[in-house]
Amino acid sequence: MNNISKKWMKWIPLFTLTALCIGFAGNRAVTKAETAEDHKIADGVYIGNVYVGGMTEEEAGDAISAYAQSVDDAVLTLNANGKSVEVSAQELGITFQNTNAVQEALAVGRNGNLIKRYKDKKDLEHGSKVFELPLGLNETAARKVLTAKAEKLNNEAVDNGLIRENGQFQFIEGSSGVEVNVEKSLMTIEDYLKNNWDGTDASIDLVAEVVEPEGTKEELAKVKDLLGSYTTNYSTSSAGRCANISVAAGKINGTVLYPGEEFSVGQTIGPLTAAGGYELAGAYENGQTVQSYGGGVCQVSTTLYNAVLKAELEVTQRSNHSMIVTYVKPSMDAAIAGDYKDLKFVNNLDAPIYIEGYTVGKDIYFNIYGQETRPSNRKVTYESEVVSEEDPGTQFVATGDAIGSISTTQGKHMGYVARLWKIVTVDGVEQSRDAINKSTYKSSPKIVNVGTASADPNAVAAVNAALATGDEATIYATVAQYSGAGQTPSEAPAEAPADSSAEAAAILGTVDESQITGNTTTEGQ
């Protein structure tokens, strides 16, 4: 190596370091210069209908959020059958699906290789760049809202029916209706959102279809045979209970049930309120008798249940009462209690059936008519079997009443477990015996209040001691000694009057279930 080369060799590291520093400083200058631009979206860029050119990512996000809020508040007018209802976009569950639109807009002219960035900028010089902001529909929410709104738009068809007067059926012609097709209307709404909607208030025509009345004159002419009937008596009932039985029977009377259709007693006779036409009458609540609207409707459902069994229709829901009733045998009852207990059955026959319900005097009748196809030598009967029973006894309660006073505040209800058997005979010979249900009824003790208030401590001690034994004879004998009014146990009322005693109500066959309130079962009489 010559001397000149050696001379320059020592400067090479210095030149290299200087060059690196200059290059680094240059890069820093470029980066610093580009930072402000990189944080803004290029001019000419739209996201849906929103212009975001020149905005920062945060500004564009705020603009899209404001647009989304305006879309949520937009009102859509839904039209069908000459009627209209309004619903907000938010109620329908309309949402934006492109959640990366702002990031995509920010990347225009800045992301990708040199050729792509150059092309993006040239494209913007000749026009705008639009990123789609497609709208999606929450079908579950939209279907629920549309189904509810459709009820206001529909004209329900009136099915062809029957009326029975003077022992004869007369055909009642129905009428066609117009109903919104929810599924097809959902597709119409989705298509409109994707292709026509600008995010503002709009009007959409739904898909509505003509619905013809069910049943023909020929089909209903088959209803002429008595398939099953049953009667119960309520002669000991209060005026309110009698009125409730009549009202509920009237709401069921005249029902035509076509093959495959299900009937709900609870839905048909409800609501059990004063507005529904019902009066206050006795009801069970936690083993005691209270007043409740609709008391007595369970005798209606029970009577119908037995007619349904005789017609051999398919029972899909039935519940026994919490405590025994005596207008039918154990396991032959059917309780109604709000949405908790119901009697439901299906017309499992090949022809329509007609349900006739009415009251005469203090008897309630249910007749089920249809087309008889069962052999005349085949008979169906039902047998109640008590499997076990429980005697709850008598509960004596000390009160602050005068010593010697005694009164019954609640009657005794025996507890039972029972089965209902369906027995089929042909020419008098048993062919089958099947258990239809198993019913458990709670027991409830007789409650007797015994007064213990006296100025004589010995008398108080004696009565309390007798109460502690729990022995009925001992208690009555002791109370008789200190009865200030001269009342003896034999003269003391063993039961309260029928209008206030749960036991008397049960004995007279007036107790059944009507509704549920919270966690407490209220059972109408």
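Residues numbered from 1 in each chain as written. Predicted model: local features only at pLDDT ≥ 70, side-chain atom pairs only at ≥ 80, totals over all residues. Heavy atoms only, no water.

Below, the discussion takes up the confidence of the model for the protein chain. For the protein chain, mean pLDDT is 83; residues scoring 70 or higher make up 80% of the total. The low-confidence segment residues 3-33 (pLDDT under 50) makes 3 contacts with residues lying over four places distant or belonging to another chain. Note on residues 485-521: pLDDT is under 50 here. Beyond four places in sequence and across chains, it has 116 contacts. (pLDDT = per-residue confidence, 0-100. Contact = heavy atoms within 4.5 Å.)

On to the sheet that holds strand E6 (residues 129-131), then. A sheet is described by the order of its strands in space; here 3 strands give the open sequence E2-E1-E6, paired in mixed fashion. The sheet terminates laterally at strand E2 (50-51) and E6, the two strands that pair on one side only. As defined by bridge partners, strand E1 (residues 45-47) adjoins E6 across 3 bridges and the pair is classed as parallel. Its bridge partner lying in E6, valine 45 is registered against lysine 129. (Pairing = 2+ DSSP bridges. Helix = DSSP H or I, 4+ residues; strand = E, 2+ residues; numbered from the N terminus.)

Right, let's talk about the pattern of salt bridges for a bit. In total, this model carries 13 salt bridges according to the counting rule given. The residue glutamate 183 makes a salt bridge to arginine 143 at a minimum N-O spacing of 2.7 Å. Residue glutamate 183 is located in helix H7 (residues 182-195), and its partner arginine 143 is located in helix H6 (residues 139-153); the two are separated by 40 residues in the primary sequence. The partly exposed category is assigned to arginine 143, whose relative accessible area is 28%. Salt-bridge contacts for aspartate 391 lead to lysine 412; the nearest nitrogen and oxygen are separated by 3.4 Å. Highlighted residues: aspartate 391 in the loop between strand E22 (378-390) and strand E23 (394-402) and lysine 412 in the loop between strand E24 (406-410) and strand E25 (415-426), separated in sequence by 21 residues. Its relative accessible area of 47% is what places aspartate 391 among the partly exposed residues. (Salt bridge = Lys/Arg side-chain N within 4 Å of Asp/Glu carboxyl O. Buried < 20%, exposed > 50% of the residue type's maximum accessible area, 1.4 Å probe, protein only.)

Glancing now at the pairing of E25. The buried count for E25 comes to 10 of 12 residues, which makes it a mostly enclosed element. Across 12 bridges, the pairing between E22 and E25 is antiparallel. Each bridged residue has a counterpart across the sheet, and for glutamate 390 the counterpart in E25 is glycine 415. Inspection of the sheet shows E25 paired to strand E26 (residues 429-441) by 11 bridges, in the antiparallel sense. Its bridge partner lying in E26, leucine 420 is registered against asparagine 437. Linking two consecutive strands that pair antiparallel, namely E25 and E26, is a turn of 2 residues; a positive phi of about 55° is found at aspartate 427 within it.

Moving on: the packing of helix H9 (residues 239-252) against helix H11 (residues 297-311). At a closest axis distance of 8 Å, the pairing of H9 and H11 adopts a crossing angle of 45°. In terms of orientation, H9 lies oblique with respect to H11. Helix-helix and strand crossings are classified by hand; for H9 and H11 the assignment is right-handed. Here Arg241, Asn244, Ile245, Ala248, Ala249 and Ile252 of H9 come into contact with H11, specifically with Val297, Gln299, Val300 and Leu304. When grouped by side-chain class, the residues that make up the contact of H9 with H11 number 7 nonpolar, 2 polar and 1 charged. (Axes fitted to C-alpha atoms, helices over the stretch in contact; angles between N-to-C directions. Parallel < 35°, antiparallel > 145°, perpendicular 65-115°, else oblique. Left-handed = near helix turned anticlockwise from the far one by under 90°. Nonpolar A, V, L, I, M, F, W, Y, C, P; charged D, E, K, R; others polar.)

Let us look at helix H3 (residues 57-73). In a regular helix each residue adds 1.5 Å, so 17 residues correspond to 24 Å; H3 covers 25 Å between its end C-alpha atoms and thus fits that length. Looking at H3, one finds that the buried residues are Ala60, Ala63, Ile64, Tyr67, Ala68, Val71 and Asp72. (Expected span 1.5 Å × (residues − 1).)

Attention now goes to the packing of aromatic side chains. This structure, assessed with the given rule, holds 6 aromatic pairs. With centroids separated by 4.9 Å and ring planes inclined at 65°, the aromatic side chains of tyrosine 46 and tyrosine 51 adopt a geometry described as edge-to-face. A relative accessible area of 30% means that tyrosine 46 is categorised as partly exposed. Put simply, the rings of Phe169, Tyr354 and Tyr369 touch in pairs and so form one group of aromatic residues. Between arginine 164 and the ring centre of phenylalanine 169, over which it is positioned, the NZ or CZ distance is 5.1 Å. (Phe/Tyr/Trp six-rings, centres within 6.5 Å; stacked < 30°, edge-to-face > 60°. Lys NZ or Arg CZ within 6 Å of the ring centre and 35° of its normal.)

Right, let's get into the environment of glutamine 90. Tracing the backbone shows glutamine 90 in the loop between strand E4 (83-88) and strand E5 (94-96). The class of glutamine 90 is exposed, set by a relative accessible area of 53%. Along the chain, glutamine 90 and glutamine 69 lie 21 residues apart, while their C-alpha atoms are 9.1 Å from each other.

With that settled, the discussion passes to unusual backbone geometry. In this structure, the amide linkage connecting glycine 270 to the following residue, proline 271, adopts the cis form with an omega of 0°. In this fold, proline 271 is placed in the loop between helix H10 (265-269) and strand E16 (280-285). For asparagine 166, which is not a glycine, the phi torsion comes out positive at approximately 55°. Along the chain, asparagine 166 falls in the loop between strand E8 (161-165) and strand E9 (168-172). Residue asparagine 166 is classed as exposed on the basis of its relative accessible area, which comes to 82%. Positive phi, normally seen in glycine, also occurs at glutamate 312, with a value near 60°. Among the structural elements, glutamate 312 can be located in the loop between H11 and strand E18 (314-317). Look at glutamate 312 and you get buried, because its relative accessible area is 16%.

With 44 residues, the main nonpolar core has Val45, Ile94 and Trp197 as its most contacted residues. Excluding anything up to four places from it in sequence, valine 45 contacts Val50, Tyr51, Val52, Gly53, Ala105, Val108, Leu124, Lys129 and Phe131. Of all hydrophobic cores here, the second largest spans 41 residues; its members include Cys242, Val265, Val300 and Ala307. (Core = buried A, V, L, I, M, F, W, Y, C linked by side-chain atoms within 4.5 Å.)

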